[in-house]
There are 2 protein chains.
Amino acid sequence: MRRNMDYNKKTKIILVDDNFDHLLGIRELLNLETNFEVIATATNANIAINLVKKYQPDIVLMDINMPEKDGLSAITEIEHLNLGVKIISLTGYDDPDLIFRAMKIGAKGYILKTMASAQLIYAIEEVMQGKIYLPAGLSSRFFEYFQKSFKDESVSNQNQENLLQYLTQREDEVLELLTQGVTYKGVARQLFISETTVKTHVNNIFQKLQVNDRTQAVLYALNNGFKNRKKLKMAI
Amino acid sequence: MRRNMDYNKKTKIILVDDNFDHLLGIRELLNLETNFEVIATATNANIAINLVKKYQPDIVLMDINMPEKDGLSAITEIEHLNLGVKIISLTGYDDPDLIFRAMKIGAKGYILKTMASAQLIYAIEEVMQGKIYLPAGLSSRFFEYFQKSFKDESVSNQNQENLLQYLTQREDEVLELLTQGVTYKGVARQLFISETTVKTHVNNIFQKLQVNDRTQAVLYALNNGFKNRKKLKMAI
DNA sequence: TTTTATCTAGATCTAAAGATTGATAACAAA
DNA sequence: TTTGTTATCAATCTTTAGATCTAGATAAAA
């Protein structure tokens, strides 16, 4: 830990950018810093992944806009290696969706190519200290996008009331099992009641949720905050 | 817009904090600023909501740790009023879960009571300009929490491969309809094929996903990144 | 050209799901 | 006490769902 405090060990950096000139520019810039060392460069994501496996750098500066394999999936692959390599994303645009996805899959920082070199150096230092670095402007971008995601959801759910509230405790338990793909027989076994009783409950659930079959009931439950899913979910 | 550029109009602020002394302290501090005006204070969330309705301030400084109705649900209620009121959260702790939830429900900023008064003033100015303000430390906290949420998920899914990849295009379309709760007959109608063909596809889907019925297939699809859900989802 | 994958579809069958009606018991609220 | 809610169960019936086997058409790959 605190490797950057160790005067004998420089921060090992790998650069990934499909633009070779840009690659050289950043390398020169970073090598001016006495405690940084660019140990390898790549113009292609697949090569980059192999270099990371081989050299296990401290930091990877990853351009996200690349042909063939894109930077985002490269980040995902590197993250799955679990080498503790810290990845900082680099792009030309401040597209909030890109920022969001990069941060989601584990990038420790995100900076624009247009930003001052001092900011790049600062970002690397911060990330090396275990922090996550987003410049104020990008951070603002990120949060707007983040909040919008949730707002859309709450707006669409706020119009019609949540019908789940009308379920009785027993109906709740039955629905819980339905959301696990259990059959009538299975529900009966697990709740120690007869199958016909289960059918009665299920029919009542259908009426209360205004649906016609178990699949729709399960979908309603999942889309309206039924227990079950405890983690963040996001489409690709 | 750009109200803070208008020299005739001060930024109207409402303070909410159950600690009366603290309330007075902040009010004095903010009133020293010539372009700020604390138009009301409240020691209770319900009163605060009524004050917001009545005076429609630019900014609400909301303490989150309050008895009775807590600050988070107060924020939610104010957001649902859709008055464009900008809310900045205020607490004693940098609990990442609290920060995450506050930002999720629409807080435009988050600062600690222990932070310097200059930072509070800066936060208000930034938020008044339409930005979202999180001090670097809290921002880092937020992102760690944010990334952890996604990491837990990807780790649990990474063990077994995603079986959805083996579905053919047609099977994909059928499953898509299943995840909307459509019956065999309905799928047949929508895809202009016979019901028996649908059954054939569905059986193939079951085998590929290693499930026994449509409910389980739908659950598998939703839990493994199938299209459909386009928004963030989070448990309560 | 043969093989393979995909989409299509029919026939047949069993099992499960779902609708409906009616009934008993417990319990709490009015 | 009556009324309402909830949970339980039976009987009956219709409709889907699902399994299995077979098979033709097409297009791409080997």
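Just above, that's the structure.
What you see as residue numbers is a count from 1 along each chain, following the sequence as written. The naming scheme follows written order: chains are lettered A onward, ligands numbered 1 onward. Per-residue local features are limited, in this predicted model, to residues with pLDDT of at least 70; the limit for side-chain atom pairs, both in listing and counting, is 80 or more; totals at the level of whole chains, interfaces and linings are taken over all residues. The basis for every side-chain value is the complete set of non-hydrogen atoms in the structure, without hydrogens or water.

*Asks:* Sorry, what's going on with the protein's contact with DNA strand C here?
*Replies:* In the neighbourhood of DNA strand C, 18 residues make up the surrounding shell, with A:Asn203, A:Asp213, B:Thr168, B:Arg170 and B:Ser194 lying closest. B:Thr168 has a polar side-chain atom sitting 2.4 Å from a phosphate oxygen of DNA strand C. Measuring from a phosphate oxygen of DNA strand C, one finds a side-chain N or O atom of B:Thr196 at 3.5 Å. Broken down by secondary-structure element, the contributors of at least two residues to the surface near DNA strand C are helix 8 (184-191) and helix 9 (195-209) of chain A together with helix 7 (169-178) and helix 9 (195-209) of chain B. By definition, any uninterrupted DSSP run of H or I lasting at least four residues is a helix, any uninterrupted run of E lasting at least two residues is a strand, and each is numbered from the N terminus. Broken down by element, the surface near DNA strand C gets its largest block of residues, four residues, from helix 9 of chain B. Of the residues that constitute the surface near DNA strand C, the class distribution is three nonpolar, 10 polar and five charged. The nearness test applies per residue and asks whether one of its heavy atoms lies within 4 Å of the molecule or strand. Polar contacts, as used here, are pairs of N or O atoms within 3.5 Å; protein pairs need one atom able to donate a hydrogen and one able to accept it. Residues neighboring in sequence count only if both atoms are side-chain atoms. Note on residue classes: Ala, Val, Leu, Ile, Met, Phe, Trp, Tyr, Cys and Pro are nonpolar, Asp, Glu, Lys and Arg are charged, and everything else, Gly too, is polar.

*Asks:* Mind showing me how you'd approach the packing of helix 8 of chain A against helix 9 of chain A here?
*Replies:* Each packed pair of helices is defined by two parameters, the angle between the axes and the distance between the axes. Residues and elements named next belong to chain A. Note on method: axes are straight lines fitted to C-alpha atoms, helices fitted across the in-contact stretch only, with angles between N-to-C directions ranging 0 to 180 degrees. Relative to each other, helix 8 and helix 9 sit at 105°, their axes nearing to 8 Å. Comparing their axes, helix 9 and helix 8 come out roughly perpendicular. On the side of helix 8, the interface is formed by Tyr184, Lys185, Val187 and Ala188, while helix 9 contributes Glu195, Val198, Lys199 and Val202. Of the residues in the contact of helix 8 with helix 9, the class split is five nonpolar, no polar and three charged. Throughout, the term roughly parallel applies to angles under 35 degrees, roughly antiparallel to angles over 145, roughly perpendicular to angles from 65 to 115, and oblique to all others. Should any heavy atoms of two residues lie within 4.5 Å, those residues are considered in contact.

*Asks:* What is the right way to look at the sheet that holds strand 3 (residues 59-63) of chain B in this model?
*Replies:* Whenever strands of a sheet pair, they do so through backbone hydrogen bonds, lying parallel or antiparallel. Residues and elements named next belong to chain B. What the five strands build is an open sheet, ordered 2-1-3-4-5; its pairing is parallel. Strands with a single pairing partner mark the edges of an open sheet, and in this sheet they are strand 2 (36-42) and strand 5 (109-112). This sheet shows a mean twist of 25° between the axes of neighbouring strands, independent of strand direction. Whether two strands pair comes down to DSSP finding at least two bridges between them. When strand 1 (residues 11-16) meets strand 3, the two strands line up parallel, connected through four bridges. Its bridge partner being in strand 3, isoleucine 13 is matched across the sheet by isoleucine 59.

*Asks:* Is there a simple way to think about the protein's contact with DNA strand D in this case?
*Replies:* Among the 18 residues in the neighbourhood of DNA strand D, the closest are listed as A:Thr168, A:Arg170, A:Ser194, B:Asn203 and B:Asp213. The sugar and phosphate moieties of DNA strand D supply 69% of its atoms located within 4 Å of the protein. Between DNA strand D and A:Ser194 there is a distance of 2.7 Å, counted from a phosphate oxygen to a backbone nitrogen or oxygen. The contact in question runs from a phosphate oxygen of DNA strand D to an N or O atom on the side chain of B:Lys185, over 3.1 Å. For the surface near DNA strand D, the elements supplying multiple residues, two or more each, are helix 7 (169-178) and helix 9 of chain A together with helix 8 (184-191) and helix 9 of chain B. Broken down by element, the surface near DNA strand D gets its largest block of residues, four residues, from helix 9 of chain A. Split into classes, the residues belonging to the surface near DNA strand D amount to three nonpolar, 10 polar and five charged.

*Asks:* In this structure, what is going on with the packing of aromatic side chains? I would like to understand it.
*Replies:* The geometry of an aromatic ring pair is captured by the separation of the ring centres together with the interplanar angle, meaning the angle of the planes. Two aromatic rings from Phe, Tyr or Trp, using only the six-membered ring of Trp, form a pair when their centres are within 6.5 Å; if the ring planes differ by under 30 degrees the pair is stacked, by over 60 it is edge-to-face, and anything between is tilted. Here the structure, examined in full by the defined rule, presents 21 aromatic pairs over all chains. A centroid spacing of 6.3 Å and a plane angle of 85° characterise the contact between A:Phe143 and A:Phe146, whose relative ring orientation is edge-to-face. A residue pair is termed a helical-turn pair when its members lie 3 or 4 positions apart in one helix, as A:Phe143 and A:Phe146 do in helix 6 (residues 136-158) at three residues. The two residues A:Phe143 and A:Phe146 agree in class, both being buried. With 5.5 Å between their ring centres and 20° between their planes, B:Phe100 and B:Phe142 make a pair best called stacked. Here B:Phe100, found in helix 4 (residues 96-104), pairs with B:Phe142, found in helix 6 (residues 136-158); they are 42 residues apart in sequence, far enough to count as distant. With a 1.4 Å probe rolled over the protein chains alone, any residue whose accessible area is under 20% of its type maximum counts as buried; one over 50% counts as exposed, and the rest are partly exposed. The buried category is assigned to B:Phe142, whose relative accessible area is 0%. Whether a charge sits over a ring depends on NZ of Lys or CZ of Arg being within 6 Å of the ring centre and within 35 degrees of the ring normal. Its guanidinium or amino end placed over the ring of A:Tyr184, A:Arg214 lies 5.1 Å from that ring's centre, counting from NZ or CZ.

*Asks:* Help me out: how do you make sense of the sheet that holds strand 5 (residues 109-112) of chain A in this one?
*Replies:* Residue and element names in this part refer to chain A. In spatial order, the strands read 2-1-3-4-5; together these five strands make up an open sheet with parallel pairing. Since the sheet does not close on itself, it has two edges, and those belong to strand 2 (36-42) and strand 5, each with one partner. Averaged over neighbouring strand pairs, the angle between their axes works out to 25° when direction is ignored. Summarising the sheet, strand 4 (residues 86-91) and strand 5 pair through four bridges and their orientation is parallel. By the bridge assignment for strand 5, leucine 90 is matched with isoleucine 111. Across the face of the sheet, helix 2 (residues 45-55) comes into contact with strand 1 (11-16), strand 2 and strand 3 (59-63) while running at roughly 140° to strand 2. On top of the sheet, helix 3 (residues 71-81) reaches strand 3 and strand 4; it is set at about 160° to strand 3, its chief contact.

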